[in-house]
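Coordinate inspection notes
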Amino acid sequence: MGQQNPRFSLFLKWLFRILGFIFLYSFFVYLACRYNDYPPGDWQSVIWADKAGYYIYLPATFIHGYHQSSYPEGIEERLGKGFRFEDGKLYTKYPCGVALLVMPFFLVTHLLAMAGHGPADGFSGIYYQMANYTSIFYYLIGGLSLFIFLRRRFPWWISAITIVLIMFGTNLYFYAFRNPLSSHVYSFALFSLLLLSTDNLWRDPKTGRLFLVSLIAGLIVLVRHSNVLFLLVVPFLGLSTREEFIRRLRFIISPIRLIGSLVIFFVILAPQMAYLKFLSGSYFFNAYADEGFTNWAHPKILIVLTSPLNGLLPYTPAFLLVFIGFIVMIIRKEKDRWLVNLIFLLLLYMVSSWWTPYYGCSFGQRSFIEYLPLFSLPLATLFNYGMNRRHLYKLIALGLIIVYLIYVNISLVGIYNRCYQGTKWDWGPYKGYYQKAHIFPFQLNQHATSYRYQFESKDSRFFTHNHIAESSQAYSGSHLSVVNDSIKYSDGFGAKLEEVIKGKVMKVKVGLKCNFTGPPGKSLLVCSISWGSKPVYYNHYRFDQDSKISEGAWGSVETDFVLPGISPPGFLKVYVWTFDPEDIYIDDIYVKIYDKK
């Protein structure tokens, strides 16, 4: 047989790589769209609160401008107050780096909207879908860049295992698939690119490579200003000797290189500085105002690492392996051991000093996500040391641990509702998440009480019966409850907590039969607890996200509401709330309350 043409072999190699990337990209975008099927204006949608604050630069720059008069009335409330208007000017405290990286996708989406695929206002459904395409692109670019970087130091299979754990076994997965306009997945991609570019620079120092590093460094700071800490990798990555450090400094401080690098760096920062000048009259205005690092003297390290309210280890237990890897790097005297450990300690101190160390509504401690590329080094070092092919039992043990960590992470991501429902040392909701996700070993010793109602009589103690109708269409018996846009609230469960529980409410399981006479629109199954007029707990389930619901037929709905261990007094309610004009029939409702002493 004749020898295959080398150029053709190279062509096939790159073709399969490109096709593989396209396949993964398409599949992951599909998953992200499934996770984020929330309509505009919903508090769990992709453009809401801080995400709207990152995003608003794009509709401001290309559609509406930076003055309030050109915006739809009340737009800031409809997008969760991630930005506001002051003195008629658009005010967002968030930097514009995310918007800059999203911009190519936004422009394509805007052209599609102008071509008839939705209102071209920057806030219609097509722009929400765009966010999924954007985050997954940077998620894959970051993973690919990091794999290339690791592959130069470790066997390919060690590098691959490390990448898989980082991308699927940490809260990076949540911020790529469920919070696609938060800054973290974009920083992750830039950090990975900076590691790879810095490695290229010091393997073969060239001016062009230094300028590329400067460009990426500028973007890193533009996306999140506090990420300037990561720039320590530029002079110190892979450093072995004092003499090598001096050579690097001499290379950088050459006048042409130094001036060129600084010009590139500040050109990248120029849009942000121009916006701050427009907003305040100063290029260095602090848009975060009273928010800041107010705990320098008393860093909340324990909260950051171990609290059930967004602690690092409770939500990303894979970091236990990173900590072990830190130790292995030191023991084995790996090249970057002091750089990795120093940056981790500085990061921990900085994050613990922020005025709210749990960082609001988060899935775990999100400030560590972008640093995962650097922490891949201790992970890969640990795997390379522990997963010896000659010791099959070590290989199997570590493999099972990695698979379980990925399972835990993806399971929690699927049921987490973006905001922790308890206080910083209240473990009840956290254990409830593990139970709901069917994750060993949390099995709560709970007491459960069930209540059922078929709307056939009016003597049920804990169920209302204000909108019962006799109908031949009832699922069972001859009566059902009806809701529509004039009867917004169905009959449902209502009881004083002290009458139905013996301890703290941990979970409420609700099931019912429903029949939509029209398409399932904005209709919610609600669970709430109040003290008088004060709301204590509120959560809802959207019917239009349930694949078992179809128009004109009875369907079954069952869902769990995980609560933060609420004690009496209080009033618990479960009901259906709709904004749609078509009738919705409700029948055979049951409520199961789990409480724990």
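Quick note: structure is the one above.
Overview of the structure. (Residues numbered from 1 in each chain as written. Predicted model: local features only at pLDDT ≥ 70, side-chain atom pairs only at ≥ 80, totals over all residues. Heavy atoms only, no water.)

Attention shifts here to the pairing of strand β11 (residues 571-578). Relative to β11, strand β6 (residues 493-496) is paired through 4 bridges, and the arrangement is antiparallel. The partner of A495 across the bridge, within β11, is L572. Sheet topology places strand β8 (residues 523-531) next to β11; 8 bridges connect them, and they run antiparallel. What sits directly across from S528, in β11, is K573. (Pairing = 2+ DSSP bridges. Helix = DSSP H or I, 4+ residues; strand = E, 2+ residues; numbered from the N terminus.)

The next subject is helix α13 (residues 255-280). Taken as a whole, α13 carries its principal kink of about 45 degrees at A270; the proline P271 stands between one and four residues after it. Residues G260, S261, F265, I268, L269, Q272, Y275, L276 and L279 constitute the buried set of α13. Among the structural elements, α3 (57-64), β2 (89-91) and α10 (207-223) are those in contact with the buried residues of α13. Of the residues one or two after α13, G281 is the one with positive phi, at around 90 degrees. (Bend = angle between axes of the 7 residues up to and from the residue. Buried < 20%, exposed > 50% of the residue type's maximum accessible area, 1.4 Å probe, protein only. Contact = heavy atoms within 4.5 Å.)

Now for empty space enclosed by the protein. Under the counting rule described, the total for this entry stands at 1 cavity of 30 Å³ or more. Within this model, the largest cavity holds a volume of roughly 30 Å³. Along the walls of the largest cavity sit F516, T517, G518, P519, D580, E582, D583 and I584, which together make up its complete lining. Considered class by class, the residues forming the lining of the largest cavity number 3 nonpolar, 2 polar and 3 charged. (1 Å grid on protein atoms, 1.4 Å probe; cavity = no way out; pocket = protein on both sides within 12 Å on 5 of 7 lines; lining within 4 Å. Points joined across faces, edges and corners; volume = space filled by probe spheres on them. Nonpolar A, V, L, I, M, F, W, Y, C, P; charged D, E, K, R; others polar.)

With that settled, the discussion passes to the pattern of salt bridges. When their charged atoms lie close together, side chains carrying opposite charge are able to pair. The final tally for this structure, using the stated rule, is 13 salt bridges. For D204, the salt bridge is made with K206, and the minimal N-O distance between the two is 3.6 Å. The class for D204 is partly exposed, based on a relative accessible area of 33%. Take K206: its relative accessible area is 43%, and that puts it in the partly exposed class. (Salt bridge = Lys/Arg side-chain N within 4 Å of Asp/Glu carboxyl O.)

The next thing to look at is the environment of W427. Structurally, W427 is set in the loop between α19 (392-415) and α20 (428-436). For W427, a relative accessible area of 32% gives the class partly exposed. Note: C-alpha distance between W427 and L309 (118 residues apart in sequence) is 8.5 Å. Ignoring sequence-local partners within four residues, the contact set of W427 consists of T306, P308, P314 and Y420.

One water molecule sets the probe size; rolling that probe over the atoms shows where empty space is left. Volume-wise, the second largest pocket comes out at about 1100 Å³. Lining the second largest pocket are 29 residues, with Y38, G414, Y541, Q545 and T559 positioned closest to its centre. Listed by contribution, the elements that provide at least two residues to the lining of the second largest pocket are α1 (6-35), α19, α20, β9 (534-542) and β10 (554-566). Partitioned by chemical class, the residues of the lining of the second largest pocket number 10 nonpolar, 9 polar and 10 charged.

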